[in-house]
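Structure at a glance
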Amino acid sequence: MELIIQILMLFILINCIVKLSFWKPWQAAIFSLICAAFVLWTCQFAIMQSKTQIADYLKNSKIMQDSAVLITIESAICFAFCFAVLREMFGKRAKRWIQPLYWYPSLLIFPVLFYLLTQIIFAMPGMDFTIISYLLAGVVFIGLPILSYLIRYLFPEKELRLEVYFLVSLFVCIIGLITTVNGNVTYAATEQPLNIKALLLSAGLFIIAFLIGFVWNKVKWIIRQKKELKNKSLKSIK
């Protein structure tokens, strides 16, 4: 279970780096400075932890369920950002309440950095803890902007980076819900006989709604094409 949670933390870190690739370099540098300062500040708390204490936290079902809620909320914010960017790509103006989505990097990155600091301290017991925190803070301050620039270099198309960001956010959401419940089911499913009529009704409603949307999209596209041709003909006459 701990290994899967570590994989989840890795993808949270990747998700944050991809989000920073949408920012300007100086903005990513400021956020990296905040993360580095957080590492230095939490050093006094990290040295008080133990391996068994961290393991107990990860096995605590109550803490893990609360974490699942936070992961779900952050994933929803990431999805909202993706749809907001898509609206702009199609020429629609972003509303004011959507603007904060652009400036939200990731809050889950902070517990990930704290966990990383504790693991490095456990792996280097003979080294000064202050030096470890300063080294990690330097790596964070330099590494996050460099990695975000590398993502932008490898995926220069904004659409492709947005797709990667959406997929990673989706993966974080799914694996977060799977791993953090620690094998417990919060809401147990009730046993009922198979209701064929309800299934057929649901399938029929889905097919009808799909056909209505498909036909409306086609009609809307034809009307738009006619308007564009009409505007072009008017411009040519003038």
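Below: a short report on this structure.

**Remarks on the packing of helix H1 (residues 2-20) against helix H7 (residues 109-123)**
Packing of H1 against H7 brings their axes to within 10 Å, and their N-to-C directions diverge by 125°. Classified by the angle between their axes, H1 and H7 sit oblique to one another. Seen along the crossing, H1 lies across H7 with a hand that is left-handed. Along its contact with H1, which presents Glu 2, Gln 6, Met 9, Ile 12, Leu 13 and Cys 16, the element H7 presents Ile 109, Val 112 and Tyr 115. Taken together, the residues that form the contact of H1 with H7 break down as seven nonpolar, one polar and one charged.

**Here we look at helix H8 (residues 129-154)**
The terminal C-alpha atoms of H8, which comprises 26 residues, lie 36 Å apart, in line with the 38 Å expected from a rise of 1.5 Å per residue. Approximately 30° is the largest bend angle found in H8, and it occurs at Gly 143, with the proline Pro 145 only one to four residues beyond. For H8, the set of buried residues is Ile 132, Ser 133, Leu 136, Ala 137, Val 140, Gly 143, Leu 144, Pro 145, Ser 148 and Ile 151. Between a side-chain oxygen at the N-terminus of H8 and the backbone nitrogen of Thr 130 the separation is 3.3 Å; the capping residue is Asp 128.

**Describing the environment of Cys 78**
Mapped onto the elements, Cys 78 comes out in helix H5 (residues 61-89). Residues Cys 78 and Phe 166 lie 88 residues apart in sequence; the distance between their C-alpha atoms is 7.2 Å. In contact with Cys 78, other than residues within four places in its own chain, are Asn 15, Tyr 165 and Ser 169.

The rules behind these values
- Residues numbered from 1 in each chain as written.
- Predicted model: local features only at pLDDT ≥ 70, side-chain atom pairs only at ≥ 80, totals over all residues.
- Heavy atoms only, no water.
- Axes fitted to C-alpha atoms, helices over the stretch in contact; angles between N-to-C directions.
- Helix = DSSP H or I, 4+ residues; strand = E, 2+ residues; numbered from the N terminus.
- Parallel < 35°, antiparallel > 145°, perpendicular 65-115°, else oblique.
- Left-handed = near helix turned anticlockwise from the far one by under 90°.
- Contact = heavy atoms within 4.5 Å.
- Nonpolar A, V, L, I, M, F, W, Y, C, P; charged D, E, K, R; others polar.
- Expected span 1.5 Å × (residues − 1).
- Bend = angle between axes of the 7 residues up to and from the residue.
- Buried < 20%, exposed > 50% of the residue type's maximum accessible area, 1.4 Å probe, protein only.
- Polar contact = N/O pair within 3.5 Å; in protein donor to acceptor, adjacent residues only side chain to side chain.

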